[in-house]
Amino acid sequence: VLGVGAGANYLASDVPAFVEFTERVVYLQDGDVAVVRPDDYAITDRTGAPADRPVETIDWAPEAAEKGGYDHYMFKEIQEQPVSLAQTIEGRVESGLDLSAETLTGVERVQFVACGTSYHAALYGAHQLRSWGVEATAHLASEYSVYPPPTENVLVVGVTQSGETADTLEALSVAGERGATRLAVTNVVGSSAARDCDDTVFIRAGPEIGVAATKTFSSQVATLYLLAREVASVVTDPPAADALNGMAELPEAVETVLDGSRAARLADAYLGEDGHFFLGRGNGVPVAMEGALKFKEITYEHAEGFPAGELKHGPLALVTETTPVFAVCTGRDAGKIESAIREVQTRGAPVVAIAPRTMTDIVEVADDALTVPAVHPDLTPILTNVQLQLLAYHAASSLGRSIDKPRNLAKSVTVE
Ligand code: M6R
């Protein structure tokens, strides 16, 4: 992507890298070569012929990409979630996602392709669809292309914040070659995923600068809930609308989590241990996996996230009094989470429950708790995840880590 400024031009993997300096963007195509100087630039296509690529204006306010008095972009972006979620949802509960007429025509099942945090959002989307009787699977994009599954009557949904992740673009390309309809769920207008797919839904989270994805995960989950509902209403009977109606309460519920979180205090209590386990059941599994990813990527401490039912199939061997366990409860399967909590407590592990404050059984059995307001269980994953974002942030902050640019990681992973 080429950013066109005054007396300065910019080359980057995606727009957030330079949105602070210019809102004028040229999207280069595969094979393009750009010669860039401070005052001008020239683009040739893959044959070497001059290429005239339009300059587009992006509608992100430059201040949205500034730190705004916060120590880190990540913390600012966590705090922005009430606003970014409201943007994501605005008008869509009433009017839907404005998919093109062809996108859902003939669709019988859904395959999500994504990486990292976006894969965890995709897991949530697949779980939500299956809960409404629609066949849906989430695939790690890097593996999808190895043995692509059958794509007949399949909608392939690429979930990618940047829209530039090479593995996800490759999976979408393979799906396209196999005749699937492809929908991009992305944050970046004009990104490769948005340009290459048959249809696009924007998550409208605003620019995310911190390498650790935070507000975009919340916006992806909210968008995928809405998408799942639209797909389900075509493929199976329309689901009950109660969580849909509850979406309007989400921004305020996130605000409540942010205002009252005890994550900063808890984070310090569980640092420097052998490992950190994050457990969930059902739609708490993507949250557990995302919680562990966030924790490990910015603290550099070992963390694993997995379904609680898997404990006894191996990981339990690692559980000791120096393995803090974070148990995510979204309001369903509480009995199963409770038995997992007791199982690890028996081995001496301290347990922190992340749960709706109304789930008193879970909160009381755990050694400590990070609670969230009670909303519809389909939406609780967003709230419990905000607590885990804060936990990871404060832990990394105490350790003095490079929070916005963790070692070895990049915001947009444009290589396979
Ligand atoms: O831009 P994408 O959503 O396609 O990026 C995929 C992953 O690289 C990304 O989600 C990564 O895991 C996060 N930045 C981690 O916080």
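Draft legend 1. The overall build of the protein, seen in detail. Check the secondary structure of the protein and you find 15 helices and 16 strands. A compact globule built from 416 residues would reach a C-alpha radius of gyration of about 22 Å, and the protein, at 21 Å, matches this within 12%. Taking the principal axes of the C-alpha coordinates as reference, the protein spans close to 70 × 50 × 40 Å. Out of the 416 residues belonging to the protein, those deemed buried represent 56%. Sequence-distant contacts in the protein: of pairs separated by 6 or more residues, those separated by 24 or more amount to 71%. Accessible surface, the protein: about 16,800 Å² in total, of which carbon and sulfur atoms supply 47%.

Draft legend 2. Up close: a negative patch on the surface. On the surface, a cluster of negative charge is made up of Glu249, Glu252, Glu255 and Asp259. Structurally, Glu255 can be placed in helix H10 (residues 250–260).

Draft legend 3. Up close: the site of the ligand. Around the ligand lies a shell of 15 residues, among which Ser118, Thr160, Ser162, Thr165 and Glu297 are the nearest. Here the ligand has 410 Å² of accessible area as a free molecule, and 91% of this is covered by the chains. For the shell around the ligand, the secondary structure elements donating two or more residues are helix H4 (116–131) and helix H12 (285–299). Residues of the shell around the ligand, tallied by class, amount to six nonpolar, seven polar and two charged.

Draft legend 4. Focus on the packing of helix H8 (residues 215–235) against helix H15 (residues 380–398). Interaxial distance between H8 and H15 falls to 10 Å at its minimum, and their mutual angle equals 170 degrees. In this view, H8 runs roughly antiparallel relative to H15, as classed from their interaxial angle. Seen from H8, the contacting residues are Phe217, Ser218, Val221 and Ala222; seen from H15, they are Ile382, Asn385, Val386 and Gln389. In the contact of H8 with H15, the residues fall into five nonpolar, three polar and no charged.

Draft legend 5. Summary view of the nonpolar core. Judged by nonpolar contacts, the single largest core of 81 residues is most densely connected at Phe112, Val157, Leu227, Met247, Phe278 and Leu391. If we ignore the near neighbours within four places in the chain, the residues touching Leu391 are Ala263, Leu266, Ala267, Phe278, Phe295 and Phe326.

Draft legend 6. Region of interest: H15. For H15, built from 19 residues, the straight-helix expectation of 27 Å at 1.5 Å per residue is met to within 8% by its first-to-last C-alpha distance of 28 Å. Most of H15 sits out of view: 16 of its 19 residues are buried. Among the residues trailing H15, Gly400 stands out with phi positive, at a value near 70 degrees.

Draft legend 7. Region of the structure containing unusual backbone geometry. For Asn153, which is not glycine, the phi dihedral falls at a positive 55 degrees. Here Asn153 is to be found in the loop between helix H5 (141–144) and strand E9 (154–160). With a phi close to 65 degrees, Tyr300 is a non-glycine residue in the positive phi region. Tracing the sequence through the fold places Tyr300 in the loop between H12 and strand E13 (303–307).

Draft legend 8. Examining the pattern of salt bridges more closely. This structure, assessed with the given rule, holds 13 salt bridges. Residues Glu208 and Lys411 are paired through a salt bridge, measuring 2.7 Å at the closest nitrogen-oxygen approach. Taken together, the positions of Glu208 in the loop between strand E11 (199–202) and H8 and Lys411 in the segment after H15 put the pair 203 residues apart, joining distant regions of the chain. For Glu208, a relative accessible area of 0% gives the class buried. For Lys294, the salt bridge identified is with Glu290, shortest N-O distance 2.8 Å. Residue Lys294 and its partner Glu290 are located together in helix H12, separated by four residues, close to a single helical turn. Of the two residues, Lys294 and Glu290, both sit in the buried class. By sharing partners, the salt bridges in this structure join Lys76, Glu80 and Lys215 into a single network.

Draft legend 9. Quick look at the sheet that holds strand E2 (residues 9–11). Read from one edge of the open sheet, four strands run E2-E1-E3-E6, paired in antiparallel fashion. The sheet terminates laterally at E2 and strand E6 (56–57), the two strands that pair on one side only. Note that strand E3 (residues 24–26) and E6 share two bridges and pair antiparallel. Within E6, the position partnered with Arg24 by the bridge is Thr57.

Draft legend 10. Highlighting helix H13 (residues 334–346). End to end, H13 covers 18 Å across 13 residues, agreeing with the expected 18 Å (1.5 Å per residue, within 8%). Regarding H13, the residues found buried are Ile337, Glu338, Ala340, Ile341 and Val344. Within H13, the buried residues cover an arc of 160 degrees as seen down the axis, which keeps them to one side. Exposed residues lying more than 90 degrees from the buried face of H13 are Gly335 and Thr346. On its buried side, H13 packs onto strand E12 (276–280), strand E14 (325–328), strand E15 (351–356) and helix H14 (360–365).

Conventions we followed
- Throughout, a residue's number is its position along its own chain's written sequence, starting from 1.
- Per-residue local features are limited, in this predicted model, to residues with pLDDT of at least 70; the limit for side-chain atom pairs, both in listing and counting, is 80 or more; totals at the level of whole chains, interfaces and linings are taken over all residues.
- To get the side-chain values, take all heavy atoms of the structure and skip hydrogens and water.
- Elements are defined by DSSP. Helices are runs of H or I of four residues or more, strands are runs of E of two residues or more, and each kind is numbered from the N terminus.
- Two things to know: the radius of gyration comes from C-alpha atoms, and the globule rule equals 2.2 Å times the number of residues to the power 0.38.
- Each residue is assigned to one of three classes by its accessible area relative to the maximum for its type, calculated with a 1.4 Å probe on protein chains only: buried under 20%, partly exposed between the two thresholds, exposed over 50%.
- Between two residues, a contact is recorded if the distance between any of their heavy atoms is within 4.5 Å.
- All accessible-area figures derive from a Shrake-Rupley calculation using a 1.4 Å probe, and residue coverage is judged against the displayed protein chains alone.
- Within this analysis, patches are made of residues with over 30% relative accessible area and no salt bridge. Like charges are joined at 9 Å or less; nonpolar side chains (Val, Leu, Ile, Met, Phe, Trp, Tyr) at 5 Å or less.
- Any carboxyl oxygen of Asp or Glu that lies within 4 Å of a side-chain nitrogen of Lys or Arg is treated as forming a salt bridge with it.
- The positive count covers Lys and Arg only, the negative count covers Asp and Glu only, and His and the chain ends enter neither.
- Where a charge lies is defined by one atom per residue type, namely NZ (Lys), CZ (Arg), CG (Asp) and CD (Glu).
- Proximity criterion: a residue is near a molecule or strand once any of its heavy atoms comes within 4 Å of it.
- Classification used: nonpolar for Ala, Val, Leu, Ile, Met, Phe, Trp, Tyr, Cys and Pro, charged for Asp, Glu, Lys and Arg, polar for all others including Gly.
- To get an axis, fit a line to the C-alpha atoms, keeping to the stretch in contact for a helix; angles then go from 0 to 180 degrees between the N-to-C directions.
- Note on terminology: angles under 35 degrees are roughly parallel, angles over 145 are roughly antiparallel, angles of 65 to 115 are roughly perpendicular, and the others are oblique.
- What makes a nonpolar core is a set of buried Ala, Val, Leu, Ile, Met, Phe, Trp, Tyr and Cys residues whose side-chain atoms join them at distances within 4.5 Å.
- What a helix should span is 1.5 Å times the count of its residues minus one.
- Two strands form a pair only when DSSP identifies at least two bridges running between them.
- It is the directions from the helix axis to the C-beta atoms that the arc portrays.

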